[in-house]
Structure formats: structure tokens, C-alpha cells
Amino acid sequence: MIQTVTPASNVLALPAPTPEQSCDFMAAKLSYHADAWDVAEDLRNGIDAIVVIDTRSPAHYAVGHVPGALSFPHRTMDAQSTAHLDRSKVYVTYCDGIGCNGSTKGAYKLARLGFQVKEMLGGLDFWVRDGQPVATGPERGSMPAARPAIECAC
């Protein structure tokens, strides 16, 4: 007689959270992060409650950046260099992508200095993957005006 062994589930090795726990966790996660698509839509729609910050070096910024993003390398962030920033805004930091933690370092430094922050998931890499425009050179540039709605695949 051949016995079949049902494999144990790797997914269910730990029980799933309750729907309420999942809701609380996901809401908290969304409080800390924004995706490239949502950032692009806010920039296109002229939402001025956010300021996008490129935390990379000025040289990387000049090669390509989110249109309208402020070049503010995380290594230069301190009380003096942030004194001119508007504390009523939410600052959205980004860097190259998931292999770079410059956006996390920038968000951390800004938060320690009392600013509201979110981190853009996937950085410039996911921005480009979403087909968003890229500005070049040392100037901030600006995001093109709103375009017809296309649903994000996410």
C-alpha cells in the first residue's frame, strides 16, 4: 500500500491574521509608503500638499529624476539644511530603486527633524517601469498636465 503524504503549507505555517488585524496593518503600511503611480497622479493634478524629494547625489539627479522633484541628497539633510522646508507639507522621498536605501535614510532624517514623510516604493526604477516621464539636468522641471485616466495595473 502506497501512502501519500500531504505536504505542510509554507504559507499557513503561521496562521493568517484576522481581517481586522490585516486592515490595521495595511492601513499603517499605506501611511508610510506611496507608489510611483499615485505620486505621478498627484503631481499631474497639481496636488501641492506633497513635495517629492530625490535623495540621490546631484549627478544622479541630473541624469534623470521625477519631474518637479527637489534634489536633496540625504547626506546633506540636517536641521540647518531643512530650515527652509514647509512643515505643513508631506515629503515623499525616493532614490534609484529597491536596491538603494537613500530614500529610507532621507525619510528617516526628515522624520527625526519633525517632518511628515512617505517613501516612494521602487524609486526611480518603478517610476520608469510605470512609463512616467523623466526630467534631466539640474533643473526640477515639471510634470506634464493631467492625462486621460488609465488604470494602474497594481
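See the structure above.
Draft legend 1. Focus on the overall build of the protein. Secondary structure assignment for the protein yields five helices and five strands. Reading the protein from its N end, one meets helices and strands in the order α-β-α-β-α-β-β-α-β-α. Counting the 154 residues in the protein, one finds 34% classified as buried. A fraction of 73% describes how many contacts in the protein between residues 6 or more apart in sequence connect residues 24 or more apart. Total accessible area on the protein is roughly 9,900 Å²; 60% of this is exposed by carbon and sulfur atoms.

Draft legend 2. Spotlight on the environment of Tyr-91. Examined against the element boundaries, Tyr-91 turns out to sit in strand 4 (residues 90-94). For the pair Tyr-91 and Lys-118, spaced 27 residues apart in sequence, the C-alpha to C-alpha distance is 6.3 Å. Once you skip the residues sitting within four places of it in the chain, Tyr-91 turns out to touch Val-51, Ile-53, Leu-85, Asp-86, Leu-110, Phe-115, Gln-116, Val-117 and Lys-118. Polar contacts involving the side chain of Tyr-91 include one to the main-chain carbonyl oxygen of Asp-86, which spans 2.7 Å.

Draft legend 3. Expanded view of the side chain of Glu-119. Structurally, the position occupied by Glu-119 is in strand 5 (residues 116-121). Although Glu-119 is buried, it forms no salt bridge, and the closest oppositely charged side chain is Lys-105 at an N-O distance of 11 Å.

Draft legend 4. Structural detail: the sheet that holds strand 4. Spatially, five strands are ordered 1-5-4-2-3 in an open sheet, and the strand pairing comes out parallel. Two strands lie at the open edges of the sheet, namely strand 1 (33-35) and strand 3 (70-71), each paired on one side alone. Both strand 2 (residues 50-54) and strand 3 contribute to a ladder of two bridges, which runs parallel. Each residue of the ladder has a partner; that of Ile-53, found in strand 3, is Leu-70.

Draft legend 5. Quick look at the pattern of salt bridges. For the structure on display, the rule yields four salt bridges. Of the charged contacts in the structure, one is a salt bridge between Asp-125 and Arg-129, with a shortest N-O distance of 3.2 Å. One end of the pair, Asp-125, and the other, Arg-129, are both in helix 5 (residues 123-129), four residues apart, so they sit about a helical turn from each other. We classify Asp-125 as partly exposed; its relative accessible area is 31%. Under the relative-accessibility criterion, Arg-129 is labelled exposed at 62%. Linked through salt bridges whose partners overlap, the residues forming this network are Asp-54, Arg-56 and Asp-96.

Draft legend 6. Main features of the environment of Ala-8. Residue position: Ala-8 is located in the segment before helix 1 (19-32). For Ala-8, a relative accessible area of 71% translates into the label exposed. Along the chain, Ala-8 and Ala-145 lie 137 residues apart, while their C-alpha atoms are 52 Å from each other.

Draft legend 7. Region of the structure containing the pairing of strand 4. Of all five residues in strand 4, four are buried, a share of seventy percent or more. Bridge analysis of strand 2 against strand 4 gives five bridges, and the strand direction is parallel. If you follow Asp-54 over to strand 4, its bridge partner there is Tyr-94. Pairing of strand 4 with strand 5, which is carried by four bridges, proceeds in the parallel orientation.

About the thresholds
- Residues numbered from 1 in each chain as written.
- Predicted model: local features only at pLDDT ≥ 70, side-chain atom pairs only at ≥ 80, totals over all residues.
- Heavy atoms only, no water.
- Helix = DSSP H or I, 4+ residues; strand = E, 2+ residues; numbered from the N terminus.
- Buried < 20%, exposed > 50% of the residue type's maximum accessible area, 1.4 Å probe, protein only.
- Contact = heavy atoms within 4.5 Å.
- Areas by Shrake-Rupley, 256 points an atom, 1.4 Å probe, with all protein chains shown as cover.
- Polar contact = N/O pair within 3.5 Å; in protein donor to acceptor, adjacent residues only side chain to side chain.
- Lys, Arg positive; Asp, Glu negative; His and termini not counted.
- Salt bridge = Lys/Arg side-chain N within 4 Å of Asp/Glu carboxyl O.
- Pairing = 2+ DSSP bridges.

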